[in-house]
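Report on the structure
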Amino acid sequence: MSLRGFATLNIWADDVAAATAWYADFLGVEAYFMRPGPDGRPAYTEFRIGDYQAELGIIDRRYAPAGAATGPGGVVMHWYVDDLDATVERLLAMGATEYQPITPHGDEGFITAAVVDPFGNVLGVMKNPHYLDVLASLKAT
């Protein structure tokens, strides 16, 4: 077996409605799916975004596995963006805090940055020349 591509990236929030509104504002799209919890408040919402319609889900933190970290850390998922500087600037203006500053990696055009959203999740963004090459090759077939 091999990994074939990510299916859904899930993040946690104490207030799913507030996190959903924040991400809808940042992404420029509304969540297409919402499941309420027993109290009627949103327990899970999901967006489809980007070139591959990747799924970004927001889950109420009360459903996190026992022992799950409550602060930022661990794996950083980097999303490709066209304008890294403007994206980071916008995220910071929206209340995110810097986690990793804009950082070039070598001289081939790989540049990453990461912020912590207002809900405690790390959100990575990057410039990656391979991303556009792969996208172009898929569109050509």
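Reading guide: rules and limits
Residues numbered from 1 in each chain as written. Predicted model: local features only at pLDDT ≥ 70, side-chain atom pairs only at ≥ 80, totals over all residues. Heavy atoms only, no water. Salt bridge = Lys/Arg side-chain N within 4 Å of Asp/Glu carboxyl O. Helix = DSSP H or I, 4+ residues; strand = E, 2+ residues; numbered from the N terminus. Buried < 20%, exposed > 50% of the residue type's maximum accessible area, 1.4 Å probe, protein only. Contact = heavy atoms within 4.5 Å.

Our next topic: the pattern of salt bridges. For the coordinates displayed, the defined rule picks out 7 salt bridges. Between Arg 61 and Asp 14 there is a salt bridge, with its nearest N and O atoms 3.1 Å apart. Taken together, the positions of Arg 61 in the loop between strand E4 (54–60) and strand E5 (78–80) and Asp 14 in the loop between strand E1 (8–13) and helix H1 (16–27) put the pair 47 residues apart, joining distant regions of the chain. For Asp 14, a relative accessible area of 56% puts it in the exposed group.

Let's shift gears to the side chain of Thr 20. Residue placement: Thr 20 occurs in helix H1. Residues within four places of Thr 20 in sequence aside, it is in contact with Ala 31, Thr 45, Phe 47 and Ile 58.

These figures capture arrangement, not role.
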